[in-house]
Amino acid sequence: MKVVAYYRYSTDNKNQVDNSEARQRDTVERVIYRRAKEGWQLIGSYTDKAVSGTDDKPELISLREAVEKGKIHVDIIAIDELSRLSRRSLMDIGSDIQWIKDAGIKLSIASRNNGDPFTIEEFADDLSLMVDQFQNNQYVKKLSRQVTNGLRTKFAKGALGWT
């Protein structure tokens, strides 16, 4: 089984990047290593750095293009948790995962069920995954409101440096 690891972190803060990247890599690679007896072989990794889960992900797009052009064959995409793949709404997540379904690639979420791989069809039938995705999207919306409110408060106090 040819496995590609996909990592994404949404900040460029060095301490958070170091922690997030190391945690994701450790979790995903541990699953792949344990599954080597089952034929899992890590053939590469793609990392989107400082990219929001609701935005287009350049490295995920590069992976999709490599698969679609036949440059690489992938059986499984391994991720740390679903929010690393996407934080888009349930209605919009298709833009991040439809190609995975079309290519017949399975997903492995390292933090879930020991990384057992599943198809996108199984994802759509798993209510707990759908709830996770809904919560991922709600988290982004809440965080956005909090940041906006914080900036408004700073602006009102003249603390942003603008006059």
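Quick caveat: nothing in here was measured; it's all calculated off a predicted structure. (Residues numbered from 1 in each chain as written. Predicted model: local features only at pLDDT ≥ 70, side-chain atom pairs only at ≥ 80, totals over all residues. Heavy atoms only, no water.)

1. A few points about the confidence of the model for the protein chain
Piece 1. Averaged over all residues, the pLDDT of the protein chain is 78; the fraction at 70 or higher stands at 61%.
Piece 2. Across the protein chain, the element-wise mean pLDDT spans from 60 in helix H6 (residues 127-156) up to 95 in strand S3 (residues 76-79). (pLDDT = per-residue confidence, 0-100. Helix = DSSP H or I, 4+ residues; strand = E, 2+ residues; numbered from the N terminus.)

2. Description of the environment of tryptophan 99
Piece 1. Summarising the element assignment, tryptophan 99 is placed in helix H4 (residues 94-102).
Piece 2. Tryptophan 99 sits in the buried class, given a relative accessible area of 7%.
Piece 3. Put simply, tryptophan 99 and glutamate 68 are 31 residues apart on the chain and 8.5 Å apart in space, counted from C-alpha to C-alpha.
Piece 4. Every residue in contact with tryptophan 99, bar those within four places of it in the chain, is listed here: Leu60, Leu63, Arg64, Val67, Glu68, Ile77 and Ile105. (Buried < 20%, exposed > 50% of the residue type's maximum accessible area, 1.4 Å probe, protein only. Contact = heavy atoms within 4.5 Å.)

3. Some details on the nonpolar core
Piece 1. Formed by 20 residues in total, the largest nonpolar core has its most connected members in Leu63, Ile77, Leu85, Trp99 and Ile100.
Piece 2. Elements supplying a minimum of two residues to this core: strand S1 (2-9), helix H2 (58-68), S3, helix H3 (82-85), H4 and strand S4 (106-109).
Piece 3. Per-element accounting of this core gives the leading share, four residues, to H2.
Piece 4. Sequence-distant contacts of leucine 63, that is, excluding residues within four places in its chain, are made with Val4, Tyr46, Ile72, Val74, Ile77 and Trp99.
Piece 5. Among the nonpolar cores identified, the runner-up in size contains 10 residues, and Val3, Val28, Ala78 and Ala110 belong to it. (Core = buried A, V, L, I, M, F, W, Y, C linked by side-chain atoms within 4.5 Å.)

4. A few points about the side chain of serine 108
Piece 1. Residue placement: serine 108 occurs in strand S4.
Piece 2. Those residues in contact with serine 108 that lie beyond four places of it in its chain are Val31, Trp40, Ile76, Ile77, Ala78, Ile79, Gly115, Asp116 and Pro117.

5. Overview of the sheet that holds strand S2 (residues 41-49)
Piece 1. Overall, parallel pairing links the four strands, which are arranged S2-S1-S3-S4 in an open sheet. One side of each edge strand has no neighbouring strand; the edge strands of this open sheet are S2 and S4. Each neighbouring strand pair of the sheet contributes to a mean axis angle of 25 degrees, computed without reference to strand direction.
Piece 2. Taken strand by strand, H2 contacts S1, S2 and S3, and its axis lies near 140 degrees from that of S2. (Pairing = 2+ DSSP bridges. Axes fitted to C-alpha atoms, helices over the stretch in contact; angles between N-to-C directions.)

6. What about the pattern of salt bridges?
Piece 1. For the structure on display, the rule yields five salt bridges.
Piece 2. We note a salt bridge from glutamate 38 to arginine 35, for which the minimum N-O separation is 3.2 Å.
Piece 3. Owing to a relative accessible area of 11%, arginine 35 belongs among the buried residues under this scheme.
Piece 4. Measuring nitrogen to oxygen at the nearest pair gives 2.3 Å for the salt bridge that ties aspartate 116 to arginine 35. (Salt bridge = Lys/Arg side-chain N within 4 Å of Asp/Glu carboxyl O.)

7. Here's the deal with the environment of leucine 85
Piece 1. Considering the arrangement of structural elements, one finds leucine 85 in helix H3.
Piece 2. Since its relative accessible area comes to 0%, leucine 85 is described here as buried.
Piece 3. Separated by 25 residues in the primary sequence, leucine 85 and leucine 60 place their C-alpha atoms 8.4 Å from one another.

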